[in-house]
Amino acid sequence: MNAQVSLSSGFVNGDVSFWYRASGVPSPGPRLDGDLQADVVIVGAGYTGLWTAYYLKQARPSLNVVVLEKDFAGFGASGRNGGWLTGDLAGSHQRYAATHGVEAARRLQREMYASIDEVIGVCEKEAIDADVVKGGVVNVARTPAQAARLRASVSAARAWGIEETDLRLVDPAERLRVTGAVAASWSPHCARVQPAKLVQGLARAVRELGVTVYERTPVTEIAPGRAVTPFGTVRARHVLRATEGFTSRLKGLRRQWLPMNSSLIVTEPLPASFWETVGWQGSELLGDMAHYYMYAQRTADDRIAFGGRGRPYLYGSRVDARGHTHERTVEALWELLIDFFPAAASSSVAHAWSGVLGVPRDWCSTVHVDPATGLGWAGGYTGHGVTTANLAGRTLRDLVVGERTALTELPWVGRRVRAWEPEPLRWLGVHAMYRLYRMADHRERSMPRTSALARVADLITGH
Ligand SMILES: Cc1cc2nc3c(=O)[nH]c(=O)nc-3n(C[C@H](O)[C@H](O)[C@H](O)COP(=O)(O)OP(=O)(O)OC[C@H]3O[C@@H](n4cnc5c(N)ncnc54)[C@H](O)[C@@H]3O)c2cc1C
């Protein structure tokens, strides 16, 4: 590998994400102007905040719900992600089972699968055109070690109620042909979405329900009964934090969820001959079994959006602002894309961008409302937030209105996790993990089993 990266003449780096390119990056709406009283104030207008507002207003139309957003609705990961509306759990089955039992972990898994259809159903009901197609997901293995991991993960899944109809091994060329694929799995539980269209459509739907979304309004302090901004304070019985990868920027929460960067490139539209060559005729999502994994989608306008890790973490839990992506990351993603699909070499990169997601110390997501203080939050989805945020929104609704439901009994509710280590340990740990993953991927090209280096990396970071 070492393909010269081919950038198209109109190449854009950053500017939030490619997903806003057709519509233009939204101009933020009105900011908060003075103090307010509400029933519920939500900090952050990504999927988590907006789904929560949506379901609260559906359940209790009389509730006064206010959302405060520091930039514009969909500025964060919700407007930048890879568009996998996936049924994969944001966390490990074993860890949820360790606290709540195997059956509870299975219930959470089933709710994840059901949440995909819930999102699709709301898109239909609210006329949100987010290019949604439930075409399933293919995961490929490109080395014997990856193939061994893939087989092991499919058989281990059975313990969590994931049946043959939910996930199975398939011929690596059955759905699409990735160069060098030696094994593959297939699951119907994944839909392709255009992330920004989904988040913008949701923002429109919640506004129509009577929720006010104040933009350009950064919250500087969250405390019981209030969210403080430079332009006024919103007082409310419930204050819900929906800031995922940005949480580390809030006072007192620097070590709560590690802000992990992920990056994507998108090609120019590819001709029909390309899609025939690779056999990618549906809207399947595509992932792999490398430690330094990739994720991809075929977009509605026939491009490949291809993502991976890039520069994973910035010292001191800093977060990058508008998605500018390091040159080396663009090159690395392009090289990998061409390695997967040599027939794409004649295309070029139209756009590159990055975003930030939240990773808890135990890599398991959480949703929580403290009935005593009225403070709540959801996040730490470790890169599986597109579907999980919907489940979080419905769960936060039940917790806020004080109803005990099947959702409030799920094992991720009220989960407590220890904080990440202080710097420089945090930086060293995360960078060691990625270095070891890269080395493990390299070594696995010539060995049949998972490299011990990857296990060391997992040990260091609790992955
Ligand atoms: C590049 C990338 C690819 C990804 N791909 C996938 C994928 O394919 N599938 C998947 O399931 N998940 C994916 N994820 C993860 C997923 O996108 C996120 O988990 C999900 O969007 C989180 O939604 P959220 O609403 O909780 O957070 P966000 O969408 O990040 O929203 C948080 C909002 O809070 C605002 N905010 C932050 N601080 C403040 C403050 N102090 N005051 C006011 N507002 C504030 C931010 O501006 C932002 O709009 C990806 C993430 C990234 C970055």
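Just so it is clear, the structure is predicted and the values come from calculations on it, not from any experiment.

Q: Before we go on, may I ask you to explain the overall build of the chain in this structure?
A: Per the secondary structure count, the chain includes 10 helices and 21 strands. Taking 2.2 N^0.38 as the reference for a compact globule, 463 residues should give roughly 23 Å; the C-alpha atoms of the chain span a radius of gyration of 21 Å, in line with that estimate. With respect to the principal axes defined by its C-alpha atoms, the chain has extents near 60 × 50 × 45 Å. In the chain, which comprises 463 residues, the proportion classed as buried is 59%. In the chain, 78% of the contacts between residues at least 6 apart in sequence involve partners at least 24 apart. About 18100 Å² of surface is accessible on the chain, with carbon and sulfur atoms providing 53% of the total. Averaging the positions of the 53 positive and the 45 negative side-chain charges in the chain gives two centres separated by 6 Å.

Q: Where do I start with the environment of W363 in this structure?
A: Counting through the fold element by element, W363 comes out in the loop between β19 (349-359) and β20 (366-369). W363 sits 237 residues away from E126 along the chain, and the two C-alpha atoms are 33 Å apart. Here W363 is in contact with A90, G91, S92, R95, M260, T382, W420, M433, T461, G462 and H463, once residues within four sequence places are set aside.

Q: Would you mind showing me how to read the environment of G429 here?
A: Note that G429 resides in helix α9 (residues 425-443). Sequence spacing of G429 and A457 is 28 residues, and the spatial spacing of their C-alpha atoms is 8.5 Å. Beyond its immediate sequence surroundings of up to four residues, G429 is in contact with I460 and T461.

Q: Teacher, can you tell me more about the pattern of salt bridges here?
A: Any two side chains of opposite charge can pair if their charged atoms end up close together. By the definition in use, this model includes 25 salt bridges. Between E208 and R204 there is a salt bridge, with its nearest N and O atoms 3.4 Å apart. Remark: R204 and E208 occur in helix α5 (residues 195-208); sequence separation between them is four residues, near one turn of the helix. The exposed category is assigned to E208, whose relative accessible area is 56%. For R204, a relative accessible area of 30% puts it in the partly exposed group. Here E421 makes a salt bridge to R418, at a shortest N to O gap of 3.5 Å. Exposure remark for R418: the relative accessible area of 53% places this residue in the exposed category. Several salt bridges converge on common partners, so that one network encompasses E103, R106 and R110.

Q: Explain the site of the ligand to me, please; I cannot follow it from the model alone.
A: If you check the shell around the ligand, you find 38 residues, and the closest are T48, E69, S78, V219 and V386. One nitrogen or oxygen atom from the side chain of T48 is found 2.7 Å from an oxygen atom belonging to the ligand. One of the backbone nitrogen or oxygen atoms of G385 is found 3.1 Å away from an oxygen atom of the ligand. In isolation the ligand exposes 1000 Å². Once the protein is present, 97% of that is buried.

Q: Can you walk me through helix α2 (residues 93-100) in this structure?
A: In an α-helix, one full turn covers 3.6 residues, which means residues spaced three or four apart are oriented alike. Taken residue by residue, α2 has H93, Y96 and A97 as its buried positions. Along the axis of α2, the buried positions cluster into a sector of 100°, meaning they face one direction only. Facing away from the buried surface of α2 by more than 90 degrees, the exposed residues are Q94, A98 and T99. In this structure, the buried side of α2 is in contact with α3 (102-125).

Q: Explain the packing of aromatic side chains here, please?
A: How two aromatic rings sit relative to each other is set out by the distance from centre to centre and by the angle between their planes. On inspection of all chains with the given rule, the structure shows 17 aromatic pairs. Between the aromatic rings of W51 and Y54, the centroid separation amounts to 6.0 Å while the plane-to-plane angle is 85°, which identifies the pairing as edge-to-face. Note that W51 and Y54 are positioned in helix α1 (residues 47-59) at a spacing of three residues, about one turn of the helix. Note on Y54: relative accessible area 2%, which makes it buried. The interplanar angle of 80° and the centroid separation of 6.1 Å between the aromatic rings of Y434 and Y437 together place this pair among those described as edge-to-face. Here Y434 and its partner Y437 are both found in helix α9, three residues apart, which amounts to about one turn of the helix. Both residues of the pair, Y434 and Y437, belong to the buried class. Members of the aromatic cluster, joined through ring pairs, are F274, W275, W280, F306, F340 and F341. Sitting above the plane of the W257 ring, R241 keeps its charged end 5.5 Å from the centroid.

Q: I keep staring at the pairing of β20 and nothing clicks. Help me out?
A: Consecutive side chains along a regular strand alternate between the two faces of the sheet. Burial along β20 is two-sided: T366 and H368 facing one way and V367 and V369 facing the other are all buried. Pairing analysis gives four bridges linking β20 to strand β21 (residues 375-379), with the strands arranged antiparallel. Of the residues in β21, the one forming a bridge with V369 is G376. As consecutive antiparallel partners, β20 and β21 are separated by five residues, and within that stretch G374 has a phi angle of approximately 80°, a positive value.

Q: It is not clear to me how the packing of α1 against α3 should be interpreted in this structure. Could you clarify?
A: In a packed pair of helices, the relevant descriptors are the angle between the two axes and the axis-to-axis distance. The geometry of α1 relative to α3 is characterised by a closest axis approach of 14 Å and an angle of 70° between their N-to-C directions. Overall, the two elements α1 and α3 adopt an arrangement that is roughly perpendicular. As α1 runs across α3, the sense of the crossing is left-handed. For the pair formed by α1 and α3, the contact residues are W51, Y54, Y55 and Q58 on the first element and E118, V119, V122 and K125 on the second.

Thresholds applied
- Residues numbered from 1 in each chain as written.
- Predicted model: local features only at pLDDT ≥ 70, side-chain atom pairs only at ≥ 80, totals over all residues.
- Heavy atoms only, no water.
- Helix = DSSP H or I, 4+ residues; strand = E, 2+ residues; numbered from the N terminus.
- Rg over C-alpha atoms; globule rule 2.2 N^0.38 Å.
- Buried < 20%, exposed > 50% of the residue type's maximum accessible area, 1.4 Å probe, protein only.
- Contact = heavy atoms within 4.5 Å.
- Areas by Shrake-Rupley, 256 points an atom, 1.4 Å probe, with all protein chains shown as cover.
- Lys, Arg positive; Asp, Glu negative; His and termini not counted.
- Charge placed at Lys NZ, Arg CZ, Asp CG, Glu CD.
- Salt bridge = Lys/Arg side-chain N within 4 Å of Asp/Glu carboxyl O.
- Near = heavy atom within 4 Å.
- Polar contact = N/O pair within 3.5 Å; in protein donor to acceptor, adjacent residues only side chain to side chain.
- Arc of directions from axis to C-beta.
- Phe/Tyr/Trp six-rings, centres within 6.5 Å; stacked < 30°, edge-to-face > 60°.
- Lys NZ or Arg CZ within 6 Å of the ring centre and 35° of its normal.
- Pairing = 2+ DSSP bridges.
- Axes fitted to C-alpha atoms, helices over the stretch in contact; angles between N-to-C directions.
- Parallel < 35°, antiparallel > 145°, perpendicular 65-115°, else oblique.
- Left-handed = near helix turned anticlockwise from the far one by under 90°.

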